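One letter stands for each residue in the lines below.
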Amino acid sequence: MAIRVQRETFDVGAELASLTAGRSDIGAVTSFVGLVRDMAGDAAIGAMTLEHYPGMTEKQLAEIEAEAHRRWPLQATLIVHRYGRMEPGEPIVLCAAASAHREAAFAACHFLIDWLKTRAPFWKLEDTAAGPQWVSAKASDDEAARRWEQDR
């Protein structure tokens, strides 16, 4: 299990290689990479700034990761989430789940990002032509996270 909240960018390939290095018990790795978009609806995005609550963020991510390990037979997981100012095309978040079999890896990775989006204390500020705008929570994210409540 590994969690990092950092300002610096990350290399997805290097992160996944590190996750599986020396591990012959892993038969499947799934990953999700979130990127900064250049559009939000009809508004062009020049950059995005992510803020977080240090200490609380890592604690919440650890709880989400531990829940994934309770639900599925996982060999390893990884969550890397950035904060600070990011340009369109830059990676924001990486969630990865490794298991002996693909089903657990797919489900756990999906769970990790769904719960991270709704439970981790991050706040997004988008730079638009109309000025900076805070991003509101999306009902679709809440709905995606709720389906995992039924699986508890």
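Residues numbered from 1 in each chain as written. Predicted model: local features only at pLDDT ≥ 70, side-chain atom pairs only at ≥ 80, totals over all residues. Heavy atoms only, no water.

1. Some points on the environment of Phe-122
Here comes step 1: Mapped onto the elements of the fold, Phe-122 is located in strand β8 (residues 122-128).
Here comes step 2: Judged by its relative accessible area of 14%, Phe-122 is buried. (Helix = DSSP H or I, 4+ residues; strand = E, 2+ residues; numbered from the N terminus. Buried < 20%, exposed > 50% of the residue type's maximum accessible area, 1.4 Å probe, protein only.)

2. Focus on the sheet that holds strand β7 (residues 91-99)
Here comes step 1: Spatial strand order, β1-β5-β7-β2: 4 strands in an open sheet with mixed pairing. Each end of this open sheet is capped by a strand with a single partner; those strands are β1 (2-6) and β2 (28-35). Here the strands of the sheet are splayed against their neighbours by 5° on average, with no regard to which way each runs.
Here comes step 2: In terms of strand pairing, β1 meets strand β5 (residues 74-82) through 5 bridges, oriented parallel. The residue bridging Arg-4 from the neighbouring strand is Val-80, located in β5.
Here comes step 3: Docked against the sheet, helix α3 (residues 102-119) engages β2, β5 and β7, running at close to 150° with respect to β7. (Pairing = 2+ DSSP bridges. Axes fitted to C-alpha atoms, helices over the stretch in contact; angles between N-to-C directions. Contact = heavy atoms within 4.5 Å.)

3. Points about the packing of aromatic side chains
Aromatic rings considered in pairs are described by the distance between their centres and by the relative angle of their planes.
Here comes step 1: Under the criterion given, the structure shown has 4 aromatic pairs.
Here comes step 2: Here the aromatic rings of Trp-72 and Trp-148 are separated by 5.6 Å at their centres, their planes lie at 80°, and the arrangement is edge-to-face. With Trp-72 in the loop between α2 (56-71) and β5 and Trp-148 in helix α4 (residues 139-149), the pair connects residues that are 76 residues apart, well separated along the chain.
Here comes step 3: Under the relative-accessibility criterion, Trp-72 is labelled buried at 15%.
Here comes step 4: The exposure class of Trp-148 is buried, given its relative accessible area of 5%.
Here comes step 5: With 4.5 Å between their ring centres and 45° between their planes, Phe-111 and Trp-115 make a pair best called tilted. You can see Phe-111 and its partner Trp-115 sitting in helix α3, 4 residues apart, about one turn around the helix. (Phe/Tyr/Trp six-rings, centres within 6.5 Å; stacked < 30°, edge-to-face > 60°.)

4. Here's the deal with the nonpolar core
Here comes step 1: Core analysis: the biggest nonpolar cluster contains 27 residues, and Trp-72, Cys-95, Phe-111 and Leu-116 have the highest contact counts within it.
Here comes step 2: Looking at this core, the elements that each hand over two or more residues are β4 (43-52), α2, β5, β7, α3 and α4.
Here comes step 3: Among the elements that line this core, the one with the most residues is α3, at 8 residues. (Core = buried A, V, L, I, M, F, W, Y, C linked by side-chain atoms within 4.5 Å.)

5. Re the environment of Gly-13
Here comes step 1: In this structure, Gly-13 sits in helix α1 (residues 12-20).
Here comes step 2: According to the relative accessible area criterion, Gly-13 is partly exposed, its value standing at 47%.

All quantities given are derived from atomic positions and should not be read as evidence of function.
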